[in-house]
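As a plain string of letters, each chain reads:
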Amino acid sequence: MSGLPGASTCPGPGEASDLKSPLGAKFREPLTEARFQQLFGDAEQEPELLAEPRWSRLRRLWKRRARACSGPGPWPLLRARLPPLRWLPHYRWRAWLLGDAVAGVTVGIVHVPQGMAFALLTSVPPVFGLYTSFFPVLIYTLLGTGRHLSTGTFAVLSLMTGSAVERLVPEPLEGNLSGIEREQLDAQRVGAAAAMAFGSGALMLGMFALQLGVLATFLSEPVVKALTSGAALHVLVSQLPSLLGLPLPRQIGCFALFKVLLASVLCFTSSLDTRYNIQIVGLLPGGFPRPLLPNLAELPRILADSLPMALVTFAVSASLASIYADKYSYTIDSNQELFAHGVSNLISSLFSCFPNSATLATTSLLVDAGGNTQVAGLFSCMVVLSVLLWLGPFFYYLPKAVLACINISSMRQMFFQMRELPQLWRISRVDFAVWMVTWVAVVTLSVDLGLAVGVVFSMVTVVCRTQRVQCLALGLAEGTELYRPLRESHKLLQVPGLCILSYPTPLYFGTRGQFRRILEWHLGLGEGGKEAPKTDGPPDAVAEPVRVVVLDCSGVTFADAAGAREVVQLASRCRDAGIHLLLAQCNASVLGTLTQAGLLDRVTPEQLFVSVQDAAAYALERLELTGPKTCTVWV
């Protein structure tokens, strides 16, 4: 990079610097933010960007957004909402079709018993698991962006749905229902499960309309893995009555895992159940159910259950899609994934399907079997369709205990996630704590409450970490223009009277008090008046009064109103104490917030610099500090 017009050249013999310069270094004038905008700013921006009113900036951004929104026609929008229109013309038929066919048929064969097994976990008849293994898979094939994602019944969602169904439509206490009463009870439970699928789908479509795909970031990897691992334990215990042939009702609510488990042990060991009659799947109705709108009157009751289901659906599906997208070098659209799963749950609920999402077991099976694209989903649907139309009677005598074994065996991948804990402990103790807290909450309380506890605890750890950062004093590495923390080496140079501080965390209401205390400590701005400033240099270093402070804001990613007012108050206190405040490397968002808070009433635009090097060079020249005698910056 060459010097800017008007930049000075290397100092002559009479202008020798007190610091050694890098070999072959060039020099330029220090750049303020205003000067940088004049030289390199956007042509559409106003010359005085810092003084631009908020309403003017909002109007400019609105015009730019309006131009962007009015550009694309219906065809680009259709291509965005129907991904096959983008990838199908480039489909490599000879290379991919055989792999997709084999993988799809393999996954479809697994979908049949697994769908019926997860239907029992949802407390609905087995055939509705087949419906949920057909319609959602077909819809996601048309709308999803995850090429290797397999959707359908998922154990965690089935467990959450079954708990809500048992609570909303409990089995009569007297038991011994007649055939007609059992059919009526099953119909009510199917309606409740379909209503929850409708509600979760509507919520995901609402999130898509608001472009809230970013919400997936709030469900961190430790939270998702601990949630699925803890839910696997719930699935294991809930299948014990079916596995052992015990007529026990499902336990719901907090500590349900222990109450199921205790009842199973007592019933089995004391031989209370002596009938030994084996429960079988029975007749699977052929064909498809008649489309039926779920009872919308139930939506207010199931909304509290639909929200965590929608979050789990999106979190698991988005994380799985991202893993395989990174592995096979393609990208996914998180908002389109919201749209795909929202439509999938909403439309499939019309055919009496319960909530569905991407599944861990079948996704890994699809990849291992050679699947390449969403075409594999079509072959999977063909297998399930053949069972619904022709092969259903062959499953009449299938024992429900076998389906319980399938449920338990499908959980092994979730249990294997606990093997990652030692490595997680070595990488991050905080993430390990998030994993354990979420897992304990899921196991002891319930899946939805455990999810809430995990998310809240994860966010609390983030807030706590932003409040435990250190504000570092920087010194100049001799022979360079690099400023490094003084604690790293005693060979770093510190100019007397110049204090350079780096604050590497967002400045908001939660950190404003820490920011104030740290600046008071470094600058000696105590409540009793100006005190001796503190130093991070050698113990025998003599602290001189600070005349100039450079605040490196490169680590301040955002600032709210409280944080911005704290900076304005700092500027006022520095001015009253005779300290010259310079700000460096403020991003546009932070700079705009500070400007609106009234920072330019306390400082001038000449005190805002594009880098720490520019601010330090300005301080050494204009404020006559001991150091280089030229107002230049090495480039």
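The structure presented is a predicted model; accordingly, all values stated were derived computationally and were not measured.

What counts as what
Residues numbered from 1 in each chain as written. Predicted model: local features only at pLDDT ≥ 70, side-chain atom pairs only at ≥ 80, totals over all residues. Heavy atoms only, no water. Core = buried A, V, L, I, M, F, W, Y, C linked by side-chain atoms within 4.5 Å. Buried < 20%, exposed > 50% of the residue type's maximum accessible area, 1.4 Å probe, protein only. Helix = DSSP H or I, 4+ residues; strand = E, 2+ residues; numbered from the N terminus. Phe/Tyr/Trp six-rings, centres within 6.5 Å; stacked < 30°, edge-to-face > 60°. Lys NZ or Arg CZ within 6 Å of the ring centre and 35° of its normal. Patch = residues over 30% accessible without salt bridge, like charges linked within 9 Å, V, L, I, M, F, W, Y side chains within 5 Å. Areas by Shrake-Rupley, 256 points an atom, 1.4 Å probe, with all protein chains shown as cover. Salt bridge = Lys/Arg side-chain N within 4 Å of Asp/Glu carboxyl O. Disulfide = S-S within 2.5 Å. UniProt positions renumbered as here; feature names shortened; annotations may be inferred. Axes fitted to C-alpha atoms, helices over the stretch in contact; angles between N-to-C directions. Parallel < 35°, antiparallel > 145°, perpendicular 65-115°, else oblique. Left-handed = near helix turned anticlockwise from the far one by under 90°. Contact = heavy atoms within 4.5 Å. Nonpolar A, V, L, I, M, F, W, Y, C, P; charged D, E, K, R; others polar. Pairing = 2+ DSSP bridges.

A.B. asks: Help me understand the nonpolar core in this model?
C.D. replies: Most often, soluble globular proteins keep nonpolar side chains buried together rather than apart. By size, the foremost hydrophobic cluster in this structure holds 80 residues, and its most contacted members are Leu130, Val156, Val312 and Val447. Counting residues per element, this core draws most heavily on helix H13 (residues 299-327), which supplies 12 residues. The next biggest cluster of nonpolar side chains, apart from the first, holds 36 residues, and it includes Ala477, Leu486, Leu523 and Cys586.

A.B. asks: I tried to follow unusual backbone geometry on my own but got confused; where do I start?
C.D. replies: A positive phi angle, near 55°, is found at Gln211, a position not held by glycine. Position of Gln211 relative to the elements: it lies in the loop between helix H9 (179-209) and helix H10 (221-238). Judged by relative accessible area, Gln211 falls into the partly exposed class, the value being 45%. Of note, Gln585 is a non-glycine position whose phi angle comes to about 60°, a positive value.

A.B. asks: Quick question: what am I supposed to make of the packing of aromatic side chains here?
C.D. replies: Remark: the centre distance and the inter-plane angle together describe each pair of aromatic rings, the angle taken between the planes. Within this structure, the stated rule accounts for 14 aromatic pairs. Relative to Phe432, the ring of Trp425 has its centre 5.0 Å away and its plane inclined at 80°; by these criteria the two rings are edge-to-face. With centroids separated by 5.1 Å and ring planes inclined at 80°, the aromatic side chains of Tyr503 and Phe515 adopt a geometry described as edge-to-face. Of the two residues, Tyr503 sits in the loop between strand E6 (498-502) and helix H22 (512-523) while Phe515 sits in helix H22, which places them 12 residues apart along the sequence. With relative accessibility at 1%, the residue Tyr503 sits in the buried group. The ring of Tyr330 has Arg147 sitting right over it, with the charged end atom 4.7 Å from the ring centre.

A.B. asks: Please clarify how a nonpolar patch on the surface should be interpreted in this entry.
C.D. replies: On the surface, Phe288, Leu389, Trp390, Leu391 and Phe394 cluster together into a nonpolar patch covering about 580 Å² of accessible area. With respect to the secondary-structure elements, Leu391 resides in helix H16 (residues 375-391).

A.B. asks: What is the right way to look at the state of the cysteines in this model?
C.D. replies: Two cysteines whose sulfur atoms are joined by a covalent bond form what is called a disulfide. In total, this model carries zero disulfides according to the counting rule given. You can see Cys553 has no disulfide; the closest cysteine sulfur is in Cys586, sitting 3.6 Å from it. Cys553 sits in the buried class, given a relative accessible area of 7%.

A.B. asks: In this structure, what is going on with the UniProt feature "transmembrane region" (unreviewed entry) in the protein chain? I would like to understand it.
C.D. replies: Under the feature "transmembrane region" (unreviewed entry), the UniProt entry names residues 93-112, 119-143, 190-214, 306-325 and 432-460. A helix fraction of 100% and a strand fraction of 0% characterise residues 93-112, whose end C-alpha atoms lie 27 Å from each other. The distance from the first to the last C-alpha atom of residues 119-143 is 25 Å, and the span holds 72% helix and 0% strand.

A.B. asks: Help me understand the packing of helix H5 (residues 93-121) against H16 in this model?
C.D. replies: Angle between the axes and distance between the axes: these two values describe a pair of packed helices. Viewed as axis vectors pointing N to C, H5 and H16 meet at an angle of 40°, and their least axial separation amounts to 7 Å. Judged by the inter-axis angle, H5 sits oblique to H16. Judged by the sense of rotation from one axis to the other, the crossing of H5 with H16 is right-handed. For the pair H5 and H16, the contacting residues are Leu97, Asp100, Ala101, Gly104, Val105, Val107, Gly108, Ile109, His111 and Val112 in the first and Val375, Ala376, Phe379, Ser380, Val383, Val384 and Val387 in the second. In terms of residue class, the contact of H5 with H16 is built from 12 nonpolar, four polar and one charged.

A.B. asks: I keep staring at the sheet that holds strand E5 (residues 483-485) and nothing clicks. Help me out?
C.D. replies: Strands in a sheet are paired, the pairing made by backbone hydrogen bonds, and the direction either parallel or antiparallel. One open sheet accounts for six strands, arranged E5-E4-E6-E9-E10-E11; its pairing is mixed. Because the sheet does not close on itself, it has two edges, and the strands there are E5 and strand E11 (608-609). Pairing between strand E4 (residues 472-476) and E5: three bridges, direction antiparallel. By the bridge assignment, Leu474 is partnered in E5 with Pro485.

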